[in-house]
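Spelled out, the chains give:
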Amino acid sequence: MRYDPDNIFAKILRDELPATRVYEDDATLVFMDIMPRADGHVLVIPKTPCRNILDADQEQLSTCMATVQKLSRAVMKAFGAGGVTVQQFNETIGGQEVFHLHFHILPRHEGVSLMPPGQMADKDVLAANAEKIRAALTEG
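Residues numbered from 1 in each chain as written. Predicted model: local features only at pLDDT ≥ 70, side-chain atom pairs only at ≥ 80, totals over all residues. Heavy atoms only, no water.

Undergrad: Tell me about the pairing of strand β3 (residues 42–46), residues and numbers included.
TA: The element β3 is largely enclosed, with a buried count of five among its five residues. Burial along β3 is two-sided: Val42, Val44 and Pro46 and Leu43 and Ile45, pointing in opposite directions, are all buried. Pairing analysis gives three bridges linking β3 to strand β5 (residues 103–108), with the strands arranged antiparallel. For Val44, the partnering residue across the bridge sits in β5 and is Phe103. (Buried < 20%, exposed > 50% of the residue type's maximum accessible area, 1.4 Å probe, protein only. Helix = DSSP H or I, 4+ residues; strand = E, 2+ residues; numbered from the N terminus. Pairing = 2+ DSSP bridges.)

Undergrad: How would you explain the nonpolar core if you had to name every residue and give the values?
TA: Among the nonpolar cores identified, the biggest contains 23 residues, and Val22, Val42, Leu71 and Ile133 are the most heavily contacted of them. Within the residue set of this core, elements represented by two or more residues are β1 (21–24), β2 (28–32), β3, α2 (58–79), β5 and α3 (123–139). For this core, the element with the most residues is α2, which contributes seven residues. Contact partners of Val42, with chain neighbours within four places excluded, come to Val22, Val30, Phe31, Met32, Asp33, Val75, Phe103, His104, Ile105 and Ile133. Phe9, Phe31, Leu43 and Val98 belong to the second largest nonpolar core, which has seven residues in total. (Core = buried A, V, L, I, M, F, W, Y, C linked by side-chain atoms within 4.5 Å. Contact = heavy atoms within 4.5 Å.)

Undergrad: Tell me about the sheet that holds β1, residues and numbers included.
TA: Here we have five strands laid out as an open sheet, ordered β1-β2-β3-β5-β4, and antiparallel in their pairing. Each edge of the sheet is formed by a strand with only one pairing partner; in this case those strands are β1 and β4 (83–87). Going from strand to strand, the sheet's axes swing by 20° on average, the running direction of each strand aside. Packed onto the sheet, α2 meets β1, β2, β3, β4 and β5 and runs at close to 20° relative to β5. (Axes fitted to C-alpha atoms, helices over the stretch in contact; angles between N-to-C directions.)

Undergrad: Summarise the side chain of His41; cite the residues concerned and give the values.
TA: Structurally, His41 is set in the loop between β2 and β3. Looking at His41, its side chain comes within polar contact range of the side chain of His104, at 2.8 Å. Not counting chain neighbours up to four residues away, the residues in contact with His41 comprise Met32, Asp33, Met35, Pro36, His104, Ile105, Leu106 and Pro107. (Polar contact = N/O pair within 3.5 Å; in protein donor to acceptor, adjacent residues only side chain to side chain.)

Right under this line is the structure:
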């Protein structure tokens, strides 16, 4: 399968679509999931074209995983979470819906279930959650 340069995440990278950006470095971008399954649910993507983990090169994987680790720590701190769930889906049969490599990071709390899928979040709530994560990143 080929990479589609017009996928939603590629458009976000080119600033053709809005996103609540949380963090970025030379290789990765992190933004709030607009249909979060938990408060603080973020997505980590490489800035370079990559359909999914099946066609990713080692640099894309290593830079994404370093950012996943950094943001996992930040969302746990920002939301007082006891842990995180990291999800990554590949191809339609594997649950992938946007065909640009991405990792979901969801802060988790004891006894709290994930929210149902497909519900759009309020933009102000996403902005406030993004600010909490950015503050946790700057605190170290």
